[in-house]
Amino acid sequence: MNYLAHAVLAQPNQYSLTGNLLGDFCKGVATAQLHPLILAGLYNHRAVDRFTDQHYAVRLAKQLFSHQRRRFAGIALDVLFDHFLIKHWAQFYPQPFADYKQQLYLRLAAAEHLMPAQMAATMHSVRRHDWFSSYQQLPQLGVALDRIALRIRFANQFAGMIDEIQPHYAALEQSFLQLYPELRRHISELALET
């Protein structure tokens, strides 16, 4: 799961939101010194990732990617699953996605002071460039994935990952639809942030 899923699975406060998004930015962060609610959010983030990575639907979805790109299938699926979450938002949440997104952007701005510098810069970019709108259309999602490829610090074949997704789009969508309700239930039952 990527930023949107981690945000929506957080509790409705800036500490939880920060912790649930911190998982991708905690290298070099002294986690023992974090506010307890941020730390609980970080644990929730890790539980989401662990459940997702071990889920049978995700393991099968990764097999749909070519051998050359399978190493990066998990990264591609994280972003693609945010796309599917937006596409199927009304199936899971009563609030319209456009309303949730605007509230989330306001919450991210309010929480920036709690974030490490790299995370704050990324979340500022998420808001400024409206990443979640770009995730809604497949061509823009491809551009987002190619931008991720540029940030990988070694030679790779991640660029063009959308070409791996398009022929398997329906199957990957079904993987998400199997995973997400189970993930929500699992996180609710774990209750790491209560």
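Structure: see above.
A brief report on the enclosed structure follows. (Residues numbered from 1 in each chain as written. Predicted model: local features only at pLDDT ≥ 70, side-chain atom pairs only at ≥ 80, totals over all residues. Heavy atoms only, no water.)

1. Concerning the layout of surface pockets
A volume near 180 Å³ is recorded for the second largest pocket. Per element, the largest residue contribution to the lining of the second largest pocket is three residues, and it comes from helix α12 (residues 169-190). Of the residues that constitute the lining of the second largest pocket, the class distribution is six nonpolar, four polar and two charged. (1 Å grid on protein atoms, 1.4 Å probe; cavity = no way out; pocket = protein on both sides within 12 Å on 5 of 7 lines; lining within 4 Å. Points joined across faces, edges and corners; volume = space filled by probe spheres on them. Helix = DSSP H or I, 4+ residues; strand = E, 2+ residues; numbered from the N terminus. Nonpolar A, V, L, I, M, F, W, Y, C, P; charged D, E, K, R; others polar.)

2. So, a nonpolar patch on the surface
Taken together, the side chains of Tyr43, Leu190 and Leu192 define a hydrophobic patch exposed on the protein surface, amounting to about 260 Å² of accessible area. Mapped onto the fold, Leu192 is located in the segment after α12. On the basis of relative accessibility, which here comes to 36%, the residue Leu192 falls in the partly exposed class. (Patch = residues over 30% accessible without salt bridge, like charges linked within 9 Å, V, L, I, M, F, W, Y side chains within 5 Å. Areas by Shrake-Rupley, 256 points an atom, 1.4 Å probe, with all protein chains shown as cover. Salt bridge = Lys/Arg side-chain N within 4 Å of Asp/Glu carboxyl O. Buried < 20%, exposed > 50% of the residue type's maximum accessible area, 1.4 Å probe, protein only.)

3. Concerning the environment of Gln11
In this structure, Gln11 sits in the loop between α1 (3-8) and α2 (14-22). In this structure, the C-alpha to C-alpha distance between Gln11 and Ala121, residues 110 residues apart in sequence, is 22 Å. Those residues within four positions of Gln11 in sequence are excluded, and the remaining contacts are Ser16, Leu17, Arg107 and Glu193. (Contact = heavy atoms within 4.5 Å.)

4. Description of the packing of aromatic side chains
For the structure shown, the criterion picks out 13 aromatic pairs. With centroids separated by 5.9 Å and ring planes inclined at 20 degrees, the aromatic side chains of Tyr105 and Phe132 adopt a geometry described as stacked. Taken together, the positions of Tyr105 in helix α7 (residues 97-111) and Phe132 in helix α9 (residues 131-134) put the pair 27 residues apart, joining distant regions of the chain. Overall, the relative accessible area of 8% leaves Tyr105 in the buried class. Take Phe132: its relative accessible area is 2%, and that puts it in the buried class. Look at Phe132 and Tyr135: their rings are 5.7 Å apart centre to centre, the planes differ by 75 degrees, and that puts the pair in the edge-to-face class. (Phe/Tyr/Trp six-rings, centres within 6.5 Å; stacked < 30°, edge-to-face > 60°.)

5. As for unusual backbone geometry
Phi is positive for Asp130, close to 50 degrees, though the residue is something other than glycine. Residue position: Asp130 is located in the loop between α8 (117-128) and α9. Although it is not a glycine, Ala191 adopts a positive phi angle of roughly 50 degrees. One can find Ala191 in the segment after α12. Looking at Ala191, the relative accessible area reads 31%, which means it is partly exposed.

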